[in-house]
Amino acid sequence: MTAGAQVTSTLEQRAHAIRRTVLRMCRGRGQGYAGQGLSLADLMAVLYFDELRDHDHVVLSTGHSAIAVFAALHEQGVYELEELETYGMDGSRIEESPLEGTPGFEITGGSLGQGLSQAVGMALGERIKGSDGRVYCIVSDGELQEGQVWEAAMAASHHGLDNLVLLVDNNRIQADGDTAAVMGVEPIPAKLVAFGFAARRVDPHSIPELRAAFEEARSTAGRPSALVCETVPGRGVPSFEASQRVHYVRAPREVWDRALEELDRGEQARR
Amino acid sequence: MSAVAPPLVEAPFATALVELGRRRDDVVVLSADLSRYTDVLPFAEEFPRRFVQCGMAEANMMGIAGGLAKTGFLPIAVTYGVFATRRAYDQLAMALATGPSRGIVVAFLPGITTPFRATHQAIDDLALMRALPGMTVVDPADATELTAAVVFAEAQPGPVYLRGLRGAVPRLLDEADGLPTREVRSGAGAALISTGLGTQWALEAAALVDAAVLHVPVLKPIDAVAVAAFCRRYETVTTVENHSTVGGLGTAVSEVVASGGLGTRVHALGVPDAWAPAGSLQHIRAELGLDAESIARRAA
Ligand SMILES: Cc1ncc(C[n+]2csc(CCOP(=O)(O)OP(=O)(O)O)c2C)c(N)n1
Ligand SMILES: [Mg+2]
């Protein structure tokens with residue numbers, strides 16, 4: 001195996017572990033943001049285990065996608081699985097949409113469409129300090145409908161924030177259904193380019209493609225970068241991909257057990 | 001407390017909205033990516049041309065509603081309370097509340113009726129809306145009042161902010177003319193004044209200590225005569241609301257008592273001046289001392 005292939009394989013194993021954690025978190029109460037967690041797993045693996053350095057920041061604007069971050073932080077040893085299985089339960093610190101101050105969450109996301117502004121502030125702050133700290137901001141396609149996102153995008157390019165990477169979770173669904181039917185946001189890359197970003201679409205389920213895109217972003221000078229990630233809701237669990245193309249999943253325990261089996265079968269096949 | 005659970009009415013707002021749509025062809029309903037979650041789908045299905053999906057863009061939705069008002073329609077902008085107010089406050093104020101044109105805003109997930117924390121709990125919406133000149137502010141207690149509130153809102157001359165309850169909503173109150181401030185329970189153990197879901201909680205508590213309950217569905221303009229008449233009878237009244245104790249019912253009652261020189265002590269229960277916890281309604285109520293037993297104890 002080449003060195004690159006070795007890294008890919010290790011990161012794929014991470015992504016698989018993250019997906020398992022996502023399903024176990026939802027199984028606790030029989031509900032949760034499973035679609036988002038599963039579809040962001042590969043991105044989380046690359047971001048947290050290949051890209052981020054100590055002084056970089058992750059800004060999760062899409063608060064309800066916290067499940068993916070929690071699962072990645074479990075891999076980093078920040079949270080125990082036992083605690084993560086209390087996801088969304090009364091009195092639990094593992095909230096479905098956590099606030100700033102919850103370990104691993106630098107801002108309060110979830111009142112959607114606000115995160116990119118704080119990411120711009122952080123990127124400016126790092127630059128003013130003379131630090132090479134980088135900021136990775138995750139927003140959903142639905143969030144792109146909020147005007148504030150575009151105010152922030154304008155500011156990011158006006159200030160030449162090449163230490164900022166916008167990661168768009170373009171899963172093409174939102175609360176009321178297909179994004180294209182609710183309020184079209186495409187063509188996202190062209191819009192971002194017009195706003196001064198270096199923007200491109202990425203297959204976020206290809207580890208090598210993600211790594212190459214991050215590499216390119218790191219070597220882009222003078223302007224912010226954007227990776228428009230064509231995420232597949234429920235990715236890794238074929239029955240979820242087929243039938244749970246929804247904002248929120250509620251299902252009895254057997255469904256989660258079966259999903260875990262499906263996931264493991266897929267991982268065995270990959271290996 | 002009565003052992004019999006109150007009857008539930010399925011999606012009373014959806015029904016009231018459809019009825020209004022059939023009665024008035026100038027009613028247009030707007031949603032910001034929450035039509036599935038705010039009981040407006042039946043209206044959207046029956047009147048697709050009078051339903052405007054704005055996407056997740058609340059500030060823009062208020063502006064679009066304002067434009068519809070200027071072209072002769074009665075816009076009803078429906079979303080969660082927290083986003084209708086904090087996210088789109090200026091737009092709501094300028095587009096719908098400076099008059100002479102006007103609109104209705106219906107705000108779901110009032111107070112602590114959401115499992116999420118600060119991001120979704122509309123604990124300051126009544127305060128914000130009360131502060132807007134000319135705004136009528138309504139917090140219905142049950143299915144009867146939510147239905148009546150739609151008719152009431154439609155008949156007002158100015159802008160209306162109406163809190164919504166979704167899905168199966170209990171029916172606690174008898175029908176009445178309009179939305180009267182009324183004593184919904186008499187009793188000698190304590191004096192409670194409540195609004196919205198707070199009235200459900202107050203009634204639960206009142207059953208434990210035989211309290212009187214004055215229900216105030218319209219916070220602004222408040223029925224100062226009825227509130228003063230009730231307060232005059234007591235040394236202390238306890239207000240109960242599904243909202244911050246800053247700026248909502250407790251404040252409105254205090255204003256009536258102070259400006260009338262009544263001297264009654266007002267003890268305000270609600271979400272204290274701190275961000276409330278996340279979780280089920282039952283859990284949050286217990287944490288905030290708003291479960292029936294705690295209210296009864298704090299009011300007695
Ligand atoms: C400002 C704001 N408006 C409305 C909501 C309610 N809401 C929560 S998720 C959501 C859908 C947003 O679309 P997206 O983030 O793309 O959803 P996903 O693909 O994760 O299902 C909405 C409207 C919110 N959280 N914040
Ligand atoms: Mg989406």
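Quick caveat: nothing in here was measured; it's all calculated off a predicted structure.

1. Describing the site of ligand 1
Around ligand 1 sit 21 residues, and of these His64(A), Ser140(A), Asn171(A), His247(A) and Glu58(B) come closest. The environment around ligand 1 is built from residues contributed by chains A and B. Gly110(A) is positioned such that a nitrogen or oxygen atom in its backbone is 2.9 Å from a nitrogen atom of ligand 1. Between Asn171(A) and ligand 1, the recorded distance is 2.6 Å, taken from a side-chain N or O atom to an oxygen atom. Contact with the protein chains covers 97% of the free accessible surface of ligand 1, which is 590 Å². Contributions of two or more residues to the shell around ligand 1 are made by strand E5 (173–174) of chain A together with helix H4 (81–87) of chain B. Taken together, the residues that form the shell around ligand 1 break down as six nonpolar, ten polar and five charged.

2. Focus on the pattern of salt bridges
Taken as a whole, this structure holds 35 salt bridges over all chains when the rule is applied. The salt bridge partner of Glu215(A) is Arg218(A), with a shortest N-O separation of 4.0 Å. Of this pair, Glu215(A) and Arg218(A) are both found in helix H9 (residues 207–218), three residues apart, which corresponds to roughly one turn of the helix. A relative accessible area of 39% places Arg218(A) in the partly exposed class. With a closest N to O distance of 2.8 Å, Arg163(B) and Asp125(B) form a salt bridge. On the criterion of sequence distance, the pair formed by Arg163(B) in strand E7 (residues 160–163) and Asp125(B) in helix H6 (residues 125–130) is long-range, its members being 38 residues apart. Both residues of the pair, Arg163(B) and Asp125(B), belong to the buried class. The structure contains a network of salt bridges with shared partners spanning Glu12(A), Glu267(A), Arg270(A) and Arg271(A).

3. Side note on the domain arrangement of chain B
All names here are of chain B. When cut into domains, chain B gives domain 1 (10–170) and domain 2 (182–295). For domain 1 versus domain 2, the distance between C-alpha centres works out to 24 Å. Listed by partner, the interface residues are 32 residues for domain 1 and 32 residues for domain 2. Area buried by domain 1 at its contact with domain 2 is led by Ile112, Ile123 and Arg130, which between them contribute 32% of it. Counting every contact that joins domain 1 to domain 2 gives one salt bridge. Of the charged contacts, one joins Arg130 and Glu255 as a salt bridge, the two residues approaching to 3.3 Å between their closest N and O atoms.

4. Here we look at the interface of chain A and chain B
The partner chain B presents 23 residues to the 25 residues of chain A that form the contact. The contact between chain A and chain B buries some 2,000 Å² in all, and 49% of this surface belongs to carbon and sulfur atoms. Three residues, Asp90(A), Glu146(A) and Asp176(A), lead the burial of chain A against chain B; their summed loss comes to 29% of the area buried on that side. There are two salt bridges connecting chain A and chain B. Note that Glu146(A) is salt-bridged to Arg87(B), the shortest N-O span being 3.2 Å. Taken together, the connections running from chain A to chain B amount to 15 residue pairs in polar contact (both at pLDDT 80 or more). Of the residues that constitute the side of chain A that touches chain B, the class distribution is six nonpolar, 13 polar and six charged.

5. Some remarks on the pairing of strand E8 (residues 225–229) of chain A
Residues and elements named next belong to chain A. Judged by how many residues are buried, E8 sits mostly within the fold: five of five residues are covered. Of the two faces of E8, both are covered, the one formed by Ser225, Leu227 and Cys229 as well as the one formed by Ala226 and Val228. Inspection of the sheet shows strand E4 (residues 164–169) paired to E8 by five bridges, in the parallel sense. Note on E8: the bridge partner recorded for Leu167 is Leu227. Relative to E8, strand E7 (residues 198–202) is paired through five bridges, and the arrangement is parallel. Paired with Arg201 across the strands is Val228, a residue of E8.

6. Details of the sheet that holds strand E2 (residues 27–31) of chain B
Residue and element names in this part refer to chain B. With mixed pairing, seven strands are arranged side by side in an open sheet as E3-E2-E4-E5-E7-E6-E12. Each edge of the sheet is formed by a strand with only one pairing partner; in this case those strands are strand E3 (51–53) and strand E12 (218–220). When the angles between neighbouring strand axes are averaged without regard to direction, this sheet yields 20°. Bridge count between strand E6 (residues 136–138) and E12: two bridges; the pairing is antiparallel.

7. Topic: the pairing of strand E13 (residues 236–244) of chain B
Residues and elements named next belong to chain B. Extensive coverage of E13 is indicated by the burial of eight of its nine residues. Summarising the sheet, strand E10 (residues 191–194) and E13 pair through three bridges and their orientation is parallel. Within E13, the position partnered with Leu192 by the bridge is Thr238. Note: E13 against strand E14 (residues 265–271), six bridges, orientation parallel. Among the inter-strand pairings, Thr239 is bridged to a residue of E14, identified as Ala268.

Rules behind the numbers
Residues numbered from 1 in each chain as written. Chains lettered and ligands numbered in written order. Predicted model: local features only at pLDDT ≥ 70, side-chain atom pairs only at ≥ 80, totals over all residues. Heavy atoms only, no water. Near = heavy atom within 4 Å. Polar contact = N/O pair within 3.5 Å; in protein donor to acceptor, adjacent residues only side chain to side chain. Areas by Shrake-Rupley, 256 points an atom, 1.4 Å probe, with all protein chains shown as cover. Helix = DSSP H or I, 4+ residues; strand = E, 2+ residues; numbered from the N terminus. Nonpolar A, V, L, I, M, F, W, Y, C, P; charged D, E, K, R; others polar. Salt bridge = Lys/Arg side-chain N within 4 Å of Asp/Glu carboxyl O. Buried < 20%, exposed > 50% of the residue type's maximum accessible area, 1.4 Å probe, protein only. Domains from an automatic or database assignment. Contact = heavy atoms within 4.5 Å. Buried area = accessible area lost by both parts, 1.4 Å probe. Pairing = 2+ DSSP bridges. Axes fitted to C-alpha atoms, helices over the stretch in contact; angles between N-to-C directions.

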